[in-house]
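Residue-level structural notes
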Amino acid sequence: MTLDGKVALVTGAATGIGRAVTLAYASAGAKVVVSDIDDTRGQETVDLITKTGGEATYFHCDTSSAEQNDALVAHAKQTFGKLDLACNNAGVGPAPLSLAEFDDDEWRRIIAINLDGVFYGMRAQIRAMLETGGGVIVNIASILGQVAFPGAAPYVAAKHAVVGLTRQAALEYASAGIRTVAIGPGFVETDILKNLDDEGRAGLVALHPVGRLGQPAEIGEVVAAVSADTWSFTNGAYIPVDGGYLSR
Ligand code: NAD
């Protein structure tokens, strides 16, 4: 598996799964544009790559902004000449409320980042990939893009929609050489789970037949693998990386 000569971008790449995706892309040989709203930790991700001889650059991008997604893609083209690979990873968890308890602001906040952000990203990335004859877009969905979860209405709605957008793009752009894949992580040890107490953590672990939560690198490796040309017949797919969660 190699991504030699490829140019990639990752959103939400300052930490967690996004950082792991970035490191996996880079170790497979891709040049990477690291983006996030956390500029300090985003630059740390760049430093992790460059100190091992890889090529990376940082660009600030709030994915809920269409303009900033356009600017991110323009930066990739300006810096490295093209865009071959993109991972729409940036996402946030909601306040844990039942559906009827969500106010408009919290609903809009989650949808703006977790759904609008993926659409704005894909639109900009597809336009760039059409110029060069193709590419691979990997969207980080979730097990909650397939099933519901208590207290997560806007998150569940957004992640189901991300799976739908992934399929839609496959239908419309496969003939143009663009592949799209949705990855469905189970619960993974990142900052998104930082407010969990021991009981909450044990409850989540119990939902995974493998008996533990995932590690970010276990998601990153799959994203890099499906992005390689050896996976050329995989398109519009939802790929679970969830320790068996959906097998329950
Ligand atoms: P994380 O909180 O560790 O990292 C999220 C990153 O996104 C941070 O660097 C943050 O600064 C950045 N970010 C937040 N808002 C942003 C915005 N508007 N624009 C750009 N960047 C923004 O979370 P994570 O667990 O690594 O999550 C990454 C993705 O994986 C998300 O889409 C999340 O929904 C998904 N996911 C996570 C889990 C899990 O259990 N950790 C499970 C399934 C899916």
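None of the values given here were measured: they were computed from a predicted structure.

Re the sheet that holds strand E7 (residues 237-241)
Here we have 7 strands laid out as an open sheet, ordered E3-E2-E1-E4-E5-E6-E7, and parallel in their pairing. Each edge of the open sheet is held by one strand with a lone partner, namely strand E3 (56-60) and E7. Ignoring strand direction, the axes of neighbouring strands in this sheet form an average angle of 20°. Sheet topology note: the strand E1 (residues 7-10)/strand E4 (residues 85-88) ladder contains 3 bridges and is parallel. Among the inter-strand pairings, Leu9 is bridged to a residue of E4, identified as Ala86. Contacting E1, strand E2 (31-36), E3, E4, strand E5 (135-140) and strand E6 (178-185), helix H1 (residues 16-27) runs over the sheet at an angle of about 170° to E1.

Notes on the site of the ligand
Contacts to the ligand come from 28 residues, most closely from Gly12, Gly16, Ala90, Gly91 and Thr190. Among the elements that take part in the shell around the ligand, H1 stands out by supplying 3 residues, more than any other.

What about the packing of H1 against helix H2 (residues 39-50)?
Following both chains from N to C, one finds H1 and H2 inclined at 25°, their axes separated by 10 Å at the closest point. Between H1 and H2, the interaxial angle falls into the category roughly parallel. For the pair H1 and H2, the crossing hand works out as right-handed. Note on element contacts: H2 touches H1 through Thr45, Leu48 and Ile49, opposite Arg19, Thr22, Leu23 and Ala26.

Rules used throughout
- Residues numbered from 1 in each chain as written.
- Predicted model: local features only at pLDDT ≥ 70, side-chain atom pairs only at ≥ 80, totals over all residues.
- Pairing = 2+ DSSP bridges.
- Helix = DSSP H or I, 4+ residues; strand = E, 2+ residues; numbered from the N terminus.
- Axes fitted to C-alpha atoms, helices over the stretch in contact; angles between N-to-C directions.
- Contact = placed C-beta atoms within 7 Å.
- Near = placed C-beta within 6 Å.
- Parallel < 35°, antiparallel > 145°, perpendicular 65-115°, else oblique.
- Left-handed = near helix turned anticlockwise from the far one by under 90°.

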